[in-house]
Amino acid sequence: MLGRVRALKDHDRAVNTVFVAHEATNDNKTLLLNGTLDAVIDQNPQVEIREMFNTLTHAVRGQGYHMALPRLKVIFRENLPGD
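This structure is a prediction, so every number in the text was calculated from the model and none was measured. (Residues numbered from 1 in each chain as written. Predicted model: local features only at pLDDT ≥ 70, side-chain atom pairs only at ≥ 80, totals over all residues. Heavy atoms only, no water.)

## Some remarks on the pairing of strand E2 (residues 39-43)
Here is step 1: The element E2 is extensively covered by neighbouring structure, given that 4 of its 5 residues are classed as buried.
Here is step 2: In this view, the connection linking strand E1 (residues 20-22) to its parallel neighbour E2 by way of helix H2 (residues 26-33) has right-handed handedness.
Here is step 3: Note that E2 and strand E3 (residues 72-75) share 4 bridges and pair antiparallel. Across the sheet, the residue bridging to valine 40 is isoleucine 75, located in E3. (Buried < 20%, exposed > 50% of the residue type's maximum accessible area, 1.4 Å probe, protein only. Helix = DSSP H or I, 4+ residues; strand = E, 2+ residues; numbered from the N terminus. Right-handed = clockwise from strand over helix to strand, strands pointing away. Pairing = 2+ DSSP bridges.)

Spelled out as structure tokens, the structure:
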């Protein structure tokens, strides 16, 4: 991620490029605040892993299962969570 940021800055593309990252890490939050990133798509990987195992377990047992949809959130500078 930081390599991509550096490449955009090195080639004077950081200002003209809409840059969206994945996961609200501390580095990505910093990049949102300083204007390098325009948005971050965040989700809950623990829920995704749990649902994947539940889906597979039920499929192996021949049981039906209704998967819970993952929480997806788009974070901008203006709605950055305070943790």
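## Comments concerning the pattern of salt bridges
Here is step 1: Here the structure, examined in full by the defined rule, presents 2 salt bridges.
Here is step 2: The residue arginine 71 makes a salt bridge to aspartate 42 at a minimum N-O spacing of 3.8 Å. Note that arginine 71 is positioned in the loop between helix H3 (45-60) and E3 and aspartate 42 in strand E2, a separation of 29 residues in sequence.
Here is step 3: For arginine 71, a relative accessible area of 37% puts it in the partly exposed group.
Here is step 4: For aspartate 42, a relative accessible area of 10% gives the class buried. (Salt bridge = Lys/Arg side-chain N within 4 Å of Asp/Glu carboxyl O.)

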